[in-house]
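What follows is the residue order along each chain.
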Amino acid sequence: MILKLKQLFQQYRFELFFYLLFLVGTSLRFYKFDRQSLWGDELYSVFASTLPWQDMFNFLHDDPHPPLFQVFLKLWMYVLPVQSELSVRLFPIIVSVLNLILVWYLTIKWEKTKRILFLFLFIFSPGAIYYAQEVRSYSPLLFFSSVIFILFSSLENSKNNKLKIYILVFLSIAISYTHLFGFVFCGSLYLVFWIKSLIDQNGKSKEIFLLGLFTFLGFIPFILQLMNGTKIATAGWIEPPGEILAQTYYNLFFYFSKKTFYLTLIIPFFYFLYSVFVTIREKRKTKDQSFYRNENIYLFVSLVILFSTTLFSFYKPIVTNRNWIITLPLFYYFFACFLAKQNRKVVVYTVLVLLTFFSLVELRKTFYTNFKEDWRGAVSFASVHCAQPLLLTDAYPEYVRLYLRWAQNETMNPILTGEKINMSQNSICVLKRFLGGNGEPFFPEGKYIKLDEKHFYGFVIEEYTKVNLK
């Protein structure tokens, strides 16, 4: 019996190890996902997806972001038995978990050491965990980029390329309509490998050219809409590339602080430089084409994405760290291939586990706290403690209505400050947002005095009462 168990363990140890990693990775994606309110950008996405189809597309017409994420979110909200803040937030988490399953399945033919390293890095990626809990397009963006990368990497050794080409065209158009950087990802990937295939004369150049062509043709309608739109200037709030961008991008791979600076930043960074140095040295020492192995080309693709978008951002800022989440699978593949070839595997893997552990500790310290806007707390307080039906707000009454609806408060009516209204209530609350209020002060008809104010993260609720003028 013991012998059979040992044999079974030896036979399925990789699968068991993955299931363990999968359970931990899934738990991290669900861990404290209800800890804080949706913030402004998330509420924009949710509100858009609550509108009827035609109204939603009209609302998104001038948005510089493609609309597919909103479509996915709207379909998700259709199938929900009960709509709430938490059920909406489940959508990107489910996408992230499905991503883990699909990555595991699609890499089943990879060499085992390389595969387990890639899965390990992908499952415990702070960037993947972080954006799994944000109701924006970044979780689907990582989903599509990782699947496209894995399918594309298998083209060289695949016999049934036609089906994969069709699937890749569909996925490439889908990621492009999910986020503009999805189009950047596909364009960079296909352009670099098309040039490589022309140099290698491996017969793949036509397939790759058609992939790029059909992706571009499929994305033309949105390019035309973007050129004719008026909201492309919304990228103006993004700062030009600098030290903060570099730090936040690095946090997608490893979280670091002053205490773990050397372990979670210096060691990985210099090890990356060492790996690049070794790769270049191999090219010089050998007469074969080892330098042009695909893992090195995928690293080059990721660098092309980083440098090209950075250079463009000095002209017109478009880059944030979350946009670069598309590069994660490319970097992880390069590292997985490099680490799998190391001689002192026990030492290398031990250091990798320690790096990951301390990185997740730092993630827990900084990520699982309230750090954005407490729409939930502010509206919930107003719903219970403020006189009804009128509630004044200096920003986005439609977002306030979402939280009132989720709190099952159908009587309170949020009105934007500055609008002409009949103030018949003796008591009234004003909800003020610290970031992005309309700047219109509270000028009620008649005399009101301020009684109290309640502070929330990003908000203050001021309570006024009417003065008897007799």
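Please read these numbers as outputs of a predicted model, since none were measured by experiment. (Residues numbered from 1 in each chain as written. Predicted model: local features only at pLDDT ≥ 70, side-chain atom pairs only at ≥ 80, totals over all residues. Heavy atoms only, no water.)

Overview of the side chain of Ser153
Here is step 1 of the chain: In this structure, Ser153 sits in helix α8 (residues 138-153).
Here is step 2 of the chain: Judged by relative accessible area, Ser153 falls into the buried class, the value being 15%. (Helix = DSSP H or I, 4+ residues; strand = E, 2+ residues; numbered from the N terminus. Buried < 20%, exposed > 50% of the residue type's maximum accessible area, 1.4 Å probe, protein only.)

Observations regarding the sheet that holds strand β3 (residues 427-433)
Here is step 1 of the chain: Here we have five strands laid out as an open sheet, ordered β2-β1-β3-β5-β4, and mixed in their pairing. Both outer strands of the open sheet, β2 (413-416) and β4 (448-456), are each paired with one neighbouring strand and no more. Put simply, the sheet's adjacent strands are angled 25° from each other on average, direction ignored.
Here is step 2 of the chain: Sheet topology places strand β1 (residues 390-393) next to β2; four bridges connect them, and they run parallel. In the sheet register, Leu392 faces β2, and the bridge partner there is Ile415.
Here is step 3 of the chain: Relative to strand β5 (residues 459-466), helix α17 (residues 375-385) is tilted by about 15°, and along the sheet it contacts β1, β3, β4 and β5.
Here is step 4 of the chain: Contacts from helix α18 (residues 397-406) reach β1, β2 and β3, with the element oriented near 165° to β2. (Pairing = 2+ DSSP bridges. Axes fitted to C-alpha atoms, helices over the stretch in contact; angles between N-to-C directions. Contact = heavy atoms within 4.5 Å.)

A closer look at the confidence of the model for the protein chain
Here is step 1 of the chain: Looking at the protein chain, the pLDDT average stands at 86 and 91% of residues meet or exceed 70.
Here is step 2 of the chain: The least confident element of the protein chain, judged by mean pLDDT, is helix α13 (residues 261-285) at 76; the most confident is α8 at 96. (pLDDT = per-residue confidence, 0-100.)

Topic: the state of the cysteines
Here is step 1 of the chain: As enumerated under the stated definition, the model contains one disulfide in all.
Here is step 2 of the chain: There is a disulfide in this structure between Cys386 and Cys429, and the S-S distance comes to 2.1 Å. The chirality of the disulfide connecting Cys386 with Cys429 is left-handed, given an S-S dihedral of about -90°. Of this pair, Cys386 sits in the loop between α17 and β1 while Cys429 is found in strand β3, placing the two residues 43 residues apart along the sequence.
Here is step 3 of the chain: Given a relative accessible area of 2%, Cys429 falls into the buried group. (Disulfide = S-S within 2.5 Å.)

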